[in-house]
Structures are given as C-alpha cells and as structure tokens.
Amino acid sequence: LNRTYASTIEAFATAVDALTEALPTVLAEAMAAKVAIVASRVGGIPEMVNDGQNGCLVEPADLDGLVQACLHLLSHPEQRGALGTEGWEIADQKFNIERQVDRLEELYMGQLHSYGK
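Keep in mind that this is a model prediction, so the values were computed, not measured. (Residues numbered from 1 in each chain as written. Predicted model: local features only at pLDDT ≥ 70, side-chain atom pairs only at ≥ 80, totals over all residues. Heavy atoms only, no water.)

**Observations concerning the packing of aromatic side chains**
For any two aromatic rings, the description comes down to two numbers: the centre-to-centre distance and the angle of the planes.
Phase 1 of the analysis: Overall, the coordinates contain 0 aromatic pairs when judged by the stated rule.
Phase 2 of the analysis: Its guanidinium or amino end placed over the ring of Trp88, Lys34 lies 5.2 Å from that ring's centre, counting from NZ or CZ. (Phe/Tyr/Trp six-rings, centres within 6.5 Å; stacked < 30°, edge-to-face > 60°. Lys NZ or Arg CZ within 6 Å of the ring centre and 35° of its normal.)

Pasting the structure below:
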C-alpha cells in the first residue's frame, strides 16, 4: 500500500455512492468507529448523515462531488476528526444496544397491552 492509499483507508470507512439505499449498516458502523462519512443523498442516508455535522452528502450519481468531498476531508484532518466524533455521538444516541433493547421492549409491551384490552 502506498501512503496516500493508506491515509484514505484511515480517513473513511466508506464512500457510499448509491442511487437507492434504505439505511446502510456500514454508515452506522463508520459512525461507531468515529470515521467521517461521504455518501450520496438518497433513501435513508440523510436520516443518518447530517451534511457538515457528521459527514458530507453529495447528490446521487455525482462522482465528481463524491471525489471532491473525499479529497477535501483527506486534506482537512481536523474537520474529518470532528465529523467522526459527532458521528459517534449520533450513533451512540440512535443505535446504542441498550436503547435499542428498551425501544423493542416498549414496542412489544405496547402490543401486548393493546391485545389485552
């Protein structure tokens, strides 16, 4: 691996250029790893990635925009780190296992109570 390629791997978990995508698991994984995200503004991705807050969003099929966003973050490590840290905060709020279990339990209990009436 050359140094530029290795730096790119450290900078991004993935650059998601999709035309359709629901809620990609790889983005939650990247957020949990404190890695800045560059992704297309499609499907459920904008629900996970807030442009400029925890990653960068580009328009679908905009390869140039995707490349420019990646290069920008690669050359701005402070911003990349801040986006990654904010992504971790969001992932902890939205995808924390304890919170997910609590939400699932509330859903099941609500259903049980509605059938019990």
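Moving on from the coordinates now.
**Overview of the environment of Ala61**
Phase 1 of the analysis: Note on placement: Ala61 falls in the loop between strand 3 (55-58) and helix 4 (63-75).
Phase 2 of the analysis: Of the residues examined, Ala61 reaches a relative accessible area of 58% and is grouped as exposed.
Phase 3 of the analysis: Along the chain, Ala61 and Arg41 lie 20 residues apart, while their C-alpha atoms are 9.6 Å from each other. (Helix = DSSP H or I, 4+ residues; strand = E, 2+ residues; numbered from the N terminus. Buried < 20%, exposed > 50% of the residue type's maximum accessible area, 1.4 Å probe, protein only.)

**Observations regarding a negative patch on the surface**
Phase 1 of the analysis: A contiguous patch of negative charge, built from Glu98, Asp102, Glu105 and Glu106, is present on the exposed surface.
Phase 2 of the analysis: Within the element layout of this structure, Asp102 appears in helix 6 (residues 97-116). (Patch = residues over 30% accessible without salt bridge, like charges linked within 9 Å, V, L, I, M, F, W, Y side chains within 5 Å. Areas by Shrake-Rupley, 256 points an atom, 1.4 Å probe, with all protein chains shown as cover. Salt bridge = Lys/Arg side-chain N within 4 Å of Asp/Glu carboxyl O. Lys, Arg positive; Asp, Glu negative; His and termini not counted. Charge placed at Lys NZ, Arg CZ, Asp CG, Glu CD.)

**Some details on the pattern of salt bridges**
Phase 1 of the analysis: This model, assessed by the stated rule, comprises 3 salt bridges.
Phase 2 of the analysis: Between Arg41 and Glu59 there is a salt bridge, with the nearest N and O atoms lying 2.9 Å from each other. Taken together, the residues span a long stretch of sequence, with Arg41 in the loop between strand 2 (36-40) and helix 3 (45-48) and Glu59 in the loop between strand 3 and helix 4 at a distance of 18 residues.
Phase 3 of the analysis: Residue Arg41 is classed as partly exposed on the basis of its relative accessible area, which comes to 33%.
Phase 4 of the analysis: Asp92 serves as the salt-bridge partner of Arg99, at 3.9 Å between the closest nitrogen and oxygen.
Phase 5 of the analysis: Since its relative accessible area comes to 35%, Arg99 is described here as partly exposed.
Phase 6 of the analysis: When salt bridges that share partners are traced, they join Arg41, Asp51 and Glu59 into one network.

**Things to note about the packing of helix 2 (residues 25-32) against helix 5 (residues 77-95)**
Phase 1 of the analysis: Where helix 2 contacts helix 5, the two axes come as close as 7 Å, and the packing angle between them is 115°. Where helix 2 crosses over helix 5, the handedness of that crossing is left-handed. Contacts between helix 2 and helix 5 pair Ala28, Met31 and Ala32 from the former with Gly84, Gly87, Trp88, Ile90, Ala91 and Phe95 from the latter.
Phase 2 of the analysis: In terms of residue class, the contact of helix 2 with helix 5 is built from 7 nonpolar, 2 polar and no charged. (Axes fitted to C-alpha atoms, helices over the stretch in contact; angles between N-to-C directions. Left-handed = near helix turned anticlockwise from the far one by under 90°. Contact = heavy atoms within 4.5 Å. Nonpolar A, V, L, I, M, F, W, Y, C, P; charged D, E, K, R; others polar.)

**Section: the pairing of strand 2**
Phase 1 of the analysis: The element strand 2 is largely enclosed, with a buried count of 5 among its 5 residues.
Phase 2 of the analysis: Here strand 2 shows two buried faces, one formed by Ala36, Val38 and Ser40 and the other by Ile37 and Ala39.
Phase 3 of the analysis: Judged from the 4 bridges that link them, strand 2 and strand 3 form a sheet pairing that is parallel. Bridge pairing in strand 3 places Val38 opposite Cys56. (Pairing = 2+ DSSP bridges.)

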